[in-house]
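Spelled out, the chains give:
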Amino acid sequence: MSGFVGVVVSDPSLQGHFTQVELRSLKAKFVSLKRESGHVTAKNLPGLMKKLKGLNEVVSEEEIAAFLSEVYPDSDQEIEFEQFLQEYLNLEARVSSKAGASGSKNSWSFLKSSTTTLIHNPNQAEKSSYVAHINAYLGNDPFLKKYLPMDPAGNDLFDLVRDGVVLCKLINVAVPGTIDERAINKKRILNPWERNENHTLCLNSAKAIGCTVVNLGAQDLVEGRTHLVLGLISQIIKIQLLADLNLKKTPQLVEIFDDSKDIDEVLSLSPEKLLLQWMNYHLKRVDYKKTVSNFSSDVKDGEAYAYLIKALAPEHSSVLTFETKDPAVRAKLVLNQAEKLGCKRYLSPKDITEGSPNLNLAFVAQIFQHRNGLSTDTRQVKLTQTSSQDEVILCREERAFRMWINSLGVATYVNNVFEDVRTGWVLLEVLDKVSPGSVNWKLATKPPIKMPFRKLENCNQVIKIGKELKFSLVNLAGNDIVQGNKKLIVALLWQLMRFNILQLLNKLRFHSQGSQGKEITDADILSWANNKVKSSGRNSRMESFKDKNLSSGIFFLELLSAVLPRVVNWKVVSKGVDDDEKKLNATYIISVARKLGCSVFLLPDDIIEVNQKMILTLTASIMYWSLQKPQQPETSEQSESSCAASDAASDIASEDSASIVAPSEGEEVNSLPDGGSSMPSDDTSTSEAPV
């Protein structure tokens with residue numbers, strides 16, 4: 001892949017403070033300023049630094065200028081990229097020390113970032129647990145068995161992840177079928193491009209199943225950056241363990257709620273909250289007097305676990321567990337009892353007594369998987385009734401939009417689109433990402449919102465901004481959002497997605513061609529795709545985004561091959577004649593697109609059924625990636641900028657990357673530099689309001 005080496009800084013200690021994605025983003029901004037001004041000086045640097053993530057809310061441009069004047073008395077002194085990085089870190093230290101001295105609660109977001117590399121102390125217990133998990137679930141894999149089992153005490157894990165194969169396979173364990181293994185480069189020795197493609201495929205797929213991969217790039221995995229690798233693996237395993245914690249897969253969970261709970265409210269709960277609710281339900285049955293509200297301090301003494309085992313498996317419970325005063329002894333007894341239930345031992349008594357939140361959550365999730373203690377009679381549960389085709393499509397699109405929203409980097413994590421957007425706040429956050437500055441936050445109310453009219457005010461502002469952005473909202477009012485009208489909410493979100501991707505495509509076209517003409521339309525995307533395939537010497541074409549011939553998948557494989565010939569292995573492609581062949585091709589298309597560098601979230605069924613919205617987003621995603629590639633020889637300065645842009649495309653979670661399209665079974669969705677994001681269209685197949 002282009003730019004595999006990434007941005008190299010001569011001072012290793014300086015480079016160690018940034019991830020590759022952060023470096024590429026900063027490099028692109030620096031080169032852009034240099035191109036506009038001819039050179040970067042101490043005088044024009046404050047304007048750039050003021051726009052950087054976190055700084056704009058904490059320090060003014062004047063304060064930055066004053067700080068730089070102390071270091072560079074001559075304001076016309078030219079600043080090189082590495083000097084810029086150093087001053088960025090120096091300013092960070094200045095701001096953080098000032099905040100600490102004043103006791104300010106408004107800490108700098110750069111310092112709060114989960115991916116900042118200032119201090120990282122990997123949890124050895126967690127690492128050992130993750131290694132044991134991988135050994136257990138992938139030990140018999142035909143390709144990996146020669147590398148497994150790994151030594152939990154060593155660094156085998158960080159060596160093994162460097163080629164990307166084990167991470168791709170771990171994702172398929174968490175959400176089966178997410179990655180088509182035919183798209184994984186599997187050789188004993190991979191060249192840098194093949195290795196980078198595997199990591200790009202891994203990261204795009206991880207984001208598609210719900211992982212947060214902001215500021216994590218392929219090069220970071222190649223380098224085996226400990227905290228980033230463990231953070232990603234932790235999320236993948238968590239998704240696997242919590243996969244059944246929802247009412248669709250385990251409808252019996254309705255038993256743990258009293259009748260006063262509205263079913264929509266239950267559906268919107270996160271898997272972690274459902275797990276806590278389930279645990280407290282059983283603890284209450286055996287007269288445990290406390291309420292467990294977290295997986296750390298509330299379970300450190302092991303008592304809650306002892307009562308949980310008593311409730312679920314009284315035959316394995318022991319009086320000694322309750323009588324002992326030593327938490328370490330109790331923890332050991334609890335683990336022994338859990339093993340009898342079939343739970344693999346991934347944590348130690350010390351992990352329980354020290355309150356490791358990740359490992360304790362995994363432990364409780366394992367208990368749930370092996371014995372949930374719920375009724376096996378689902379006749380009274382209506383959630384399992386057969387849904388109509390429209391409801392199935394609506395459900396798939398809800399997942400697509402949910403993942404897309406979560407990928408934008410908004411503060412609120414969405415568990416259920418139709419429930420979580422009803423306050424209007426999430427939609428305002430999304431609008432602020434796709435159209436920065438459009439939201440008047442002084443008129444918005446942040447949840448929890450007790451007064452209903454405040455929700456309506458938020459939703460009315462959403463509608464107002466939508467009209468300003470020229471959305472078609474004829475049949476949509478703020479109250480429709482408050483009431484949770486699913487079809488109208490989907491219509492609005494679709495327009496937001498389409499608006500975003502068209503915005504991104506226009507930026508790329510104007511930047512690369514210097515064109516200020518007519519903006520890109522759906523027809524332009526269609527024309528680009530057909531011309532791209534035709535230029536590669538093939539005859540396929542699509543008449544529209546709902547062309548039924550697209551269901552075979554051949555056109556998209558030819559399109560992907562046209563933008564990068566070696567990315568498609570035609571030996572594994574079928575003719576797409578029957579349903580089975582179409583399914584194989586569709587699954588392969590999604591994985592190849594992610595391997596290429598496209599951040600896509602659609603399901604194979606969206607291709608097979610030719611879902612017009614998802615077909616448009618898939619095509620636009622491939623176009624977006626293609627337009628970022630350097631098309632011709634450039635000056636060294638332009639090359640630096642293009643390289644940074646190309647790398648950002650392959651690093652799916654980058655600040656500067658676009659998140660386009662819909663999800664894979666159980667998947668999820670990120671954003672762009674200046675608050676950009678991904679897209680919206682004109683299909684009204686599942687919407688009452690014209691889009």
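Residues numbered from 1 in each chain as written. Predicted model: local features only at pLDDT ≥ 70, side-chain atom pairs only at ≥ 80, totals over all residues. Heavy atoms only, no water.

As annotated in an unreviewed UniProt entry, the protein chain carries the name Calponin-homology (CH) domain-containing protein and comes from Hordeum vulgare subsp. vulgare. The Subunit (unreviewed entry) comment attached to the protein chain in UniProt states, word for word, "Interacts with F-actin." (UniProt positions renumbered as here; feature names shortened; annotations may be inferred.)

Engineer: Just checking my understanding: could you explain the overall build of the protein chain for this structure?
Structural biologist: Secondary structure summary: the protein chain contains 31 helices and zero strands in total. Looking at the protein chain as a whole, 55% of its 691 residues are labelled buried. (Helix = DSSP H or I, 4+ residues; strand = E, 2+ residues; numbered from the N terminus. Buried < 20%, exposed > 50% of the residue type's maximum accessible area, 1.4 Å probe, protein only.)

Engineer: What's the story with the pattern of salt bridges in this structure? I'm lost.
Structural biologist: A side chain with one charge can pair with a side chain of the opposite charge if their charged atoms come near. Throughout the structure, instances matching the rule amount to 25 salt bridges. The closest approach of N and O atoms between K350 and E354, which form a salt bridge, is 3.7 Å. By relative accessible area, E354 is classed as exposed at 52%. A salt bridge links R538 to E558, with the nearest nitrogen and oxygen atoms 3.9 Å apart. Residue R538 is located in the loop between α26 (522–535) and α27 (554–563), and its partner E558 is located in helix α27; the two are separated by 20 residues in the primary sequence. Classification of R538 by relative accessible area gives partly exposed; the value is 31%. (Salt bridge = Lys/Arg side-chain N within 4 Å of Asp/Glu carboxyl O.)

Engineer: Mind showing me how you'd approach the packing of α27 against helix α30 (residues 612–628) here?
Structural biologist: Between two packed helices, the angle of one axis relative to the other and the distance separating the axes together describe the packing. The N-to-C vectors of α27 and α30 enclose an angle of 10°; their axes lie 10 Å apart at closest approach. As summarised for this structure, α27 and α30 are arranged roughly parallel, according to the angle between their axes. Taken together, the residues of α30 that come into contact with α27 (itself represented by F556, L559, L560 and V563) are I615, L618, T619, I622, W625 and S626. Residues of the contact of α27 with α30, tallied by class, amount to eight nonpolar, two polar and no charged. (Axes fitted to C-alpha atoms, helices over the stretch in contact; angles between N-to-C directions. Parallel < 35°, antiparallel > 145°, perpendicular 65-115°, else oblique. Contact = heavy atoms within 4.5 Å. Nonpolar A, V, L, I, M, F, W, Y, C, P; charged D, E, K, R; others polar.)

Engineer: Help me understand helix α15 (residues 303–312) in this model?
Structural biologist: Given 3.6 residues per helical turn, the α-helix brings residues three or four places apart onto the same face. Counted residue by residue, α15 has seven buried out of 10 residues, so it is predominantly covered. Regarding α15, the residues found buried are A304, Y305, A306, L308, I309, A311 and L312. On its buried side, α15 packs onto α14 (271–285), α16 (319–323), α17 (327–340), α18 (349–353) and α19 (357–370).

Engineer: How should I be thinking about helix α4 (residues 61–71) in this particular structure?
Structural biologist: Of the positions making up α4, those classed as buried are I64, F67 and L68. Projected down its long axis, α4 carries its buried residues within an arc of 95°, all on one side. Seen from the buried face of α4, the exposed residues on the opposite side, beyond 90 degrees, are E62 and E70. (Arc of directions from axis to C-beta.)

Engineer: For this particular structure, what's the right way to read the side chain of E87?
Structural biologist: Tracing the backbone through its elements, the reader meets E87 in helix α5 (residues 81–102). The exposure class of E87 is buried, given its relative accessible area of 5%. Not counting chain neighbours up to four residues away, the residues in contact with E87 comprise M49, F67, L68, V71 and Y72.

Engineer: Got a minute to help me understand the environment of Y305 in this structure?
Structural biologist: Turning to its location among the elements, Y305 is positioned in helix α15. Each residue touching Y305, except ones within four places of it in the same chain, is listed here: M279, V299, V334, I352, N360, F363 and V364. A polar contact is formed between the side chain of Y305 and the side chain of N360, at a distance of 2.7 Å. (Polar contact = N/O pair within 3.5 Å; in protein donor to acceptor, adjacent residues only side chain to side chain.)

Engineer: Just checking my understanding: could you explain the nonpolar core for this structure?
Structural biologist: Proteins that are soluble and globular tend to have nonpolar side chains buried together. With 167 residues, the main nonpolar core has L232, L275, W278 and M279 as its most contacted residues. Leaving out residues up to four positions away in the same chain, W278 has contacts with L253, I256, L308, L312, V364, I367, F368, R371, N372 and L374. Listed in part, the 25 residues of the second largest apolar core include L26, L68, F81 and L91. (Core = buried A, V, L, I, M, F, W, Y, C linked by side-chain atoms within 4.5 Å.)

Engineer: Would you take a moment to explain the packing of aromatic side chains for this structure?
Structural biologist: For any pair of aromatic rings, the description rests on two quantities: the centre-to-centre distance and the angle between the ring planes. Across all of its chains, the model carries 11 aromatic pairs by this definition. Pairing Y305 with F363 gives two aromatic rings, centres 5.0 Å apart and planes at 85°, and the pair type is edge-to-face. One end of the pair, Y305, is in helix α15; the other, F363, is in helix α19, and 58 residues separate them in sequence. On the basis of relative accessibility, which here comes to 1%, the residue Y305 falls in the buried class. When its relative accessible area of 3% is taken as the criterion, F363 is described as buried. Each residue in the set F30, F81 and F84 is aromatic and connected to the rest through ring pairs, giving one cluster. The ring of F81 carries K27 above its face, with NZ or CZ at 4.6 Å from the centroid. The aromatic ring of F143 is capped on one face by K146, whose charged end is 4.4 Å from the ring centroid. (Phe/Tyr/Trp six-rings, centres within 6.5 Å; stacked < 30°, edge-to-face > 60°. Lys NZ or Arg CZ within 6 Å of the ring centre and 35° of its normal.)

Engineer: Explanation requested: the packing of α15 against α19 in the structure shown.
Structural biologist: Between α15 and α19, whose axes approach to 12 Å, the crossing angle comes to 10°. Accordingly, the angle class assigned to the pair α15 and α19 is roughly parallel. Contacts from Y305, L308, I309 and L312 of α15 reach α19 at N360, F363, V364 and I367.

Engineer: Please explain the environment of K34 as it appears in this structure.
Structural biologist: With respect to the helices and strands, the residue K34 is situated in helix α2 (residues 20–37). The exposure class assigned to K34 is partly exposed, which follows from its relative accessible area of 23%. Along the chain, K34 and I79 lie 45 residues apart, while their C-alpha atoms are 9.9 Å from each other.

Engineer: What exactly am I supposed to notice about unusual backbone geometry here?
Structural biologist: Residue P149 is bonded to the preceding L148 through a cis peptide linkage, with omega at 0°. Its place among the elements puts P149 in the loop between α7 (124–138) and α8 (156–160). For the bond from P447 to P448, the omega torsion is 5°, close enough to zero to count as cis. You can see P448 is positioned in the loop between α22 (425–434) and α23 (452–468). At K470, a position not held by glycine, the phi torsion is positive, near 70°. Residue position: K470 is located in the loop between α23 and α24 (478–482). The phi dihedral of V610 is positive, around 55°, even though this residue is not glycine. Mapped onto the elements, V610 comes out in the loop between α29 (604–608) and α30.

Engineer: Please clarify how the environment of S318 should be interpreted in this entry.
Structural biologist: You can see S318 is positioned in the loop between α15 and α16. Counting along the chain gives 19 residues from S318 to Q337, while the straight-line C-alpha distance between them is 8.6 Å. A polar contact of 3.2 Å, which involves the side chain of S318, links it to the backbone nitrogen of L320.

Engineer: For this particular structure, what's the right way to read the confidence of the model for the protein chain?
Structural biologist: Parts of the model with low pLDDT should not have their predicted coordinates read in detail. When pLDDT is averaged along the protein chain, the result is 81; 80% of the residues meet or exceed 70. Taking the mean pLDDT of every element in the protein chain, the minimum, 29, falls on helix α6 (residues 109–112) and the maximum, 97, on α27. Across residues 99–121 the pLDDT falls below 50, and counting only partners more than four positions away or on other chains, this stretch makes 35 contacts in the model. Long-range and interchain partners of residues 631–691, a stretch whose pLDDT sits below 50, account for 267 contacts in this model, where long-range means more than four residues apart. (pLDDT = per-residue confidence, 0-100.)

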